[in-house]
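These are the residues of each chain, in order.
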Amino acid sequence: MIVFCGSVSKNLSEKVSRRLNADIGLIEHRLFPDGEHYMRILSEVKGEDCVVIQSTNSNDAFMELLLLLDALRDFNAQTIHTFMPYMGYSRQDRRFKEREAFSAKTVLELINQFSDSITTINCHFLDSEGVFDFEGVDIRNIDAGPLVADYFKEKTEDLILISPDRGAFEYVRRAAKAVNCEFDYLEKTRISDDKVRFTVKEVDVSGRDVVILDDMISTGGTILEAARFIRAQKAKSVSAGCVHGVFSRGLQIFGGVLDELACTDSISQQVSRISVSGLISEVVSNIL
Ligand code: R5P
């Protein structure tokens, strides 16, 4: 077995290969002056089972992954198992308006052409673990929510997890169950791409350590507004945890609003304090 990775998931892939005692596949990847990608596989892959790890949090990351997968197939890898810990475009998981592109379907159909299996972590349009048929493509989803909850549980006896919307509720409910703590959710209304408003909360957070847990933080609009809402109700501390730290507006915007911010290494960030390498390694061991 050989573990390959794109540039986004280097650290994570190294951890996975160490856990599995597997070789890291060698590639040559660079950009041409006009921004196009050059990809060459240096390791012999004929007849090998290949694990490819790359989060697709940018168009470049996605292109890199496609070139790598197609080259592996051209050079006769025995099997190709694709891991997109964070799958980009997963929020366009249907046509919300007439004649819109169905981006999640497009991405998965492309990846599926070159993959014997596809695995994601806390995929935005799924809310539990298992193998699901999404528009004719099988996708395995694993849940890192309990790992994030566990990280915060280690720090306080009085943890309460809050889902910032109904969408993340199932993930948060399971994470709370895993670490045996209380949970609740907020009602979120999205006003624009980066602005939301909150209402309703039944559990009393006053004097307690609150962690707002979401599958992903993108612009941060959701977490910032949720944190202000919870803080106004006299919580002792307000932190935020997520599986995928996209942080498209950087980390500075969270300063002064959150007591702590932590995410996993599905996307490598300064606040990646939790590793999903164990979860990925377990799936690889079960597949191969
Ligand atoms: C809801 O759509 C999701 O669970 C997240 O809350 C959302 O994607 C986070 O986006 P942002 O950080 O841009 O508010």
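Now for a description of the structure that goes with this document.

What counts, and where the lines are drawn
Residues numbered from 1 in each chain as written. Predicted model: local features only at pLDDT ≥ 70, side-chain atom pairs only at ≥ 80, totals over all residues. Heavy atoms only, no water. Core = buried A, V, L, I, M, F, W, Y, C linked by side-chain atoms within 4.5 Å. Buried < 20%, exposed > 50% of the residue type's maximum accessible area, 1.4 Å probe, protein only. Helix = DSSP H or I, 4+ residues; strand = E, 2+ residues; numbered from the N terminus. Contact = heavy atoms within 4.5 Å. Pairing = 2+ DSSP bridges. Axes fitted to C-alpha atoms, helices over the stretch in contact; angles between N-to-C directions. Near = heavy atom within 4 Å. Polar contact = N/O pair within 3.5 Å; in protein donor to acceptor, adjacent residues only side chain to side chain. Nonpolar A, V, L, I, M, F, W, Y, C, P; charged D, E, K, R; others polar. Salt bridge = Lys/Arg side-chain N within 4 Å of Asp/Glu carboxyl O. Patch = residues over 30% accessible without salt bridge, like charges linked within 9 Å, V, L, I, M, F, W, Y side chains within 5 Å. Areas by Shrake-Rupley, 256 points an atom, 1.4 Å probe, with all protein chains shown as cover. Disulfide = S-S within 2.5 Å.

Judged by nonpolar contacts, the single largest core of 33 residues is most densely connected at I53, L161 and I280. Listing elements by their share of this core, those giving two or more residues are α1 (10-20), β5 (49-53), α4 (145-153), β10 (159-163), α5 (169-179), β14 (209-217) and α7 (277-287). Aside from chain neighbours lying at most four places away, what touches I280 is L12, V16, I53, F83, P85, I121 and I142. Ranked by size, the runner-up nonpolar core spans 32 residues in total, among them V45, F62, V107 and F114.

On to the sheet that holds strand β11 (residues 182-185). One open sheet accounts for six strands, arranged β11-β10-β14-β15-β16-β17; its pairing is parallel. Both outer strands of the open sheet, β11 and β17 (272-274), are each paired with one neighbouring strand and no more. Neighbour-to-neighbour, the strand axes of this sheet turn through a mean angle of 35 degrees, independent of strand direction. The sheet contact formed by β10 and β11 spans four bridges and is parallel. Bridge pairing in β11 links I160 to E182. Against the sheet, α5 engages β10, β11 and β14, with an angle of about 165 degrees to β10. Of the strands in this sheet, β10, β14 and β15 (237-245) touch helix α6 (residues 221-231), which is tilted by about 165 degrees from β14.

Quick look at the sheet that holds strand β2 (residues 23-24) now. If you walk across this open sheet you meet the seven strands as β2-β1-β5-β6-β7-β9-β8, and the pairing is mixed. Bordering the open sheet on either side are β2 and β8 (130-134), each of which pairs with just one other strand. Of the pairings in the sheet, the one linking β8 to strand β9 (residues 137-142) comprises five bridges and is antiparallel in character. Its bridge partner being in β9, D133 is matched across the sheet by D138. Across the sheet, helix α3 (residues 103-113) touches β6 (79-84), β7 (117-121), β8 and β9, and the angle it forms with β9 is around 100 degrees.

Next up on the list: the site of the ligand. D214, S218, T219, G220 and T222 are the nearest of the 14 residues found near the ligand. In the environment of the ligand, an oxygen atom lies 2.5 Å from a nitrogen or oxygen atom belonging to the side chain of T222. At the level of elements, β12 (187-192), β14 and α6 are the ones that each hand at least two residues to the shell around the ligand. Sort the elements by how many residues they give to the shell around the ligand and β14 lands first, with four residues. Within the shell around the ligand, the residues separate by chemical class into two nonpolar, six polar and six charged.

Take the side chain of N141 next. By secondary structure assignment, the location of N141 is in strand β9. A residue is classified by how much of its surface remains accessible, and N141, at 1% relative accessible area, is buried. Here the side chain of N141 touches C123 through a polar contact of 2.9 Å, landing on its backbone nitrogen. In this structure, N141 is in contact with T120, I121, N122, C123, L126, S128, E129, G130, F132 and Y171, ignoring residues within four places of it in sequence.

Let's shift gears to the pairing of strand β3 (residues 27-31). With five bridges joining them, β3 and strand β4 (residues 37-41) adopt antiparallel strand pairing. If you follow E28 over to β4, its bridge partner there is R40. Counted along the chain from β3 to the antiparallel partner β4, the turn is five residues long, and its residue G35 has a positive phi close to 95 degrees.

One pass over the full model with this rule turns up 17 salt bridges. Close ionic contact of R208 with E182 constitutes a salt bridge, the shortest N to O distance being 2.9 Å. In this pair, R208 is assigned in the loop between β13 (195-199) and β14 and E182 in strand β11, connecting sequence segments 26 residues apart. Residue classification places R208 among the buried residues on the basis of a relative accessible area of 14%. E182 gets classed as partly exposed once you look at its relative accessible area, which sits at 38%. Shared partners join several salt bridges into a network, and the residues in it are E28, R30 and R40.

What follows deals with a nonpolar patch on the surface. A cluster of nonpolar side chains, contributed by I24, L26 and L42, occupies part of the molecular surface with about 250 Å² of accessible area. Take I24: its relative accessible area is 30%, and that puts it in the partly exposed class.

Overall, the coordinates contain zero disulfides when judged by the stated rule. In this model C242 remains outside any disulfide bridge; the closest cysteine sulfur is found in C263, 5.0 Å from its own.

Quick look at the environment of G35 now. Tracing the backbone through its elements, the reader meets G35 in the loop between β3 and β4. It is 8.9 Å that separates the C-alpha atoms of G35 and D60, two residues lying 25 residues apart in sequence.

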